[in-house]
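# Structural description and commentary
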Amino acid sequence: MFRRALLILALGHACVSPLQAGPKEASFDLSGLVKITRVVDGDSLRSGPLKIRVHGIDAPERKQRCKTAAGKDWDCGVAATKAMQAIIQGSPELLCKLVDVDRYGRLIMRCLAGDTDIGEAIVEQGLAMAYRRYSQDYVTAEQNAERAKRGIWQGPFDAPWDWRKKN
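Now for a look at the structure at hand. (Residues numbered from 1 in each chain as written. Predicted model: local features only at pLDDT ≥ 70, side-chain atom pairs only at ≥ 80, totals over all residues. Heavy atoms only, no water.)

### Description of the side chain of S44
Applicable threshold: Under the scheme used here, helices are H or I runs from DSSP no shorter than 4 residues and strands are E runs no shorter than 2 residues, and both carry numbers assigned from the N terminus. Throughout, exposure labels follow a simple rule: accessible area from a 1.4 Å probe, protein chains only, divided by the maximum for the residue type, with under 20% read as buried, over 50% as exposed, and the rest as partly exposed. Polar contact is defined as a pair of N or O atoms within 3.5 Å, subject to the rule that within protein one atom must be able to donate a hydrogen and the other to accept it, and that residues adjacent in sequence are counted only when both atoms are side-chain atoms. What makes two residues a contact is simply this: any of their non-hydrogen atoms within 4.5 Å.
Along the polypeptide, S44 turns up in strand β3 (residues 44-47). On the basis of relative accessibility, which here comes to 10%, the residue S44 falls in the buried class. In terms of polar contacts, S44 uses its side chain to reach the side chain of D43, at 3.0 Å. Residues within four places of S44 in sequence aside, it is in contact with V39, I52 and R53.

Structure follows, in structure tokens:
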């Protein structure tokens, strides 16, 4: 509980806009503009010292490789990282809402770059999967990408959670 409270306080310092608590309110509205200082990979961001995991998605790890339909290896993890950078380019401040804090202390957040839900955008490109274990929010976007054989769906690949277990 203490770690969660520290993260909440730290998030308040990372937000560009102040937390929305009135003088008599004891609770916080943990939504607001968050300044992104680094794209770690296709589903992880940094805001200064804070680690942010994008809600409802799981992208290939940076070192992960996938295969094309012809069986050729390609760097799908690097492609996912570059896609996330492109999605938020021009929007270094994202409108984010805290969903949870995971067991590693990362803030699980749903974020918008302008009107674009960044989780949905990267799943729609086929460079992340809907993380059904935690959310059903991006299942339709994943199905669209799979049908169109975009990104990782063009050939065989390990789901990111399976790749992490193996590596």
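### Description of the nonpolar core
Rules: Buried Ala, Val, Leu, Ile, Met, Phe, Trp, Tyr and Cys residues that are joined via side-chain atoms within 4.5 Å together make up what is termed a nonpolar core.
Judged by nonpolar contacts, the single largest core of 40 residues is most densely connected at L45, M84, I88, L94, M109, I118 and I122. Of all the elements, helix α2 (residues 76-88) adds the most residues to this core, at six residues. Excluding residues within four positions of it along the chain, L94 makes contact with G32, L33, V34, I36, L45, I88, C111, L112, A113 and I118.

### A word on helix α4 (residues 139-148)
Rule in force here: For this quantity, the arc is that covered by the directions from the helix axis to the C-beta atoms.
Of all the residues in α4, the buried ones are V139, A141, E142 and A145. Taken around the axis of α4, the buried residues stretch over an arc of 160 degrees, which confines them to a single face. Turned more than 90 degrees away from the buried face of α4, the exposed residues are T140 and R147. Buried residues belonging to α4 abut α3 (118-124) and β11 (129-130). Backbone geometry just downstream of α4 places K149 in the positive-phi region, at approximately 55 degrees.

### What about the environment of T140?
Take T140: it is sitting in helix α4. Take T140: its relative accessible area is 51%, and that puts it in the exposed class.

### Notes on the state of the cysteines
We count it as follows: For this text, the term disulfide refers to a pair of cysteine sulfurs within 2.5 Å.
The full count for this structure, using the stated rule, is two disulfides. Residue pairing for C66: its cysteine sulfur links by disulfide to C76, the two sulfurs lying 2.1 Å apart. Its torsion about the S-S bond being 70 degrees, the disulfide of C66 and C76 is classed as right-handed. Placement of the pair is C66 in strand β6 (residues 66-67) and C76 in helix α2, with a sequence separation of ten residues. Neither residue differs from the other here; C66 and C76 are each classed as buried. Across a sulfur-sulfur distance of 2.2 Å, C96 and C111 are joined as a disulfide pair. Here the disulfide of C96 and C111 is right-handed, its torsion about the S-S bond being about 110 degrees. Placement of the pair is C96 in strand β8 (residues 93-101) and C111 in strand β9 (residues 107-113), with a sequence separation of 15 residues. Taken as a pair, C96 and C111 share a single burial class, namely buried.

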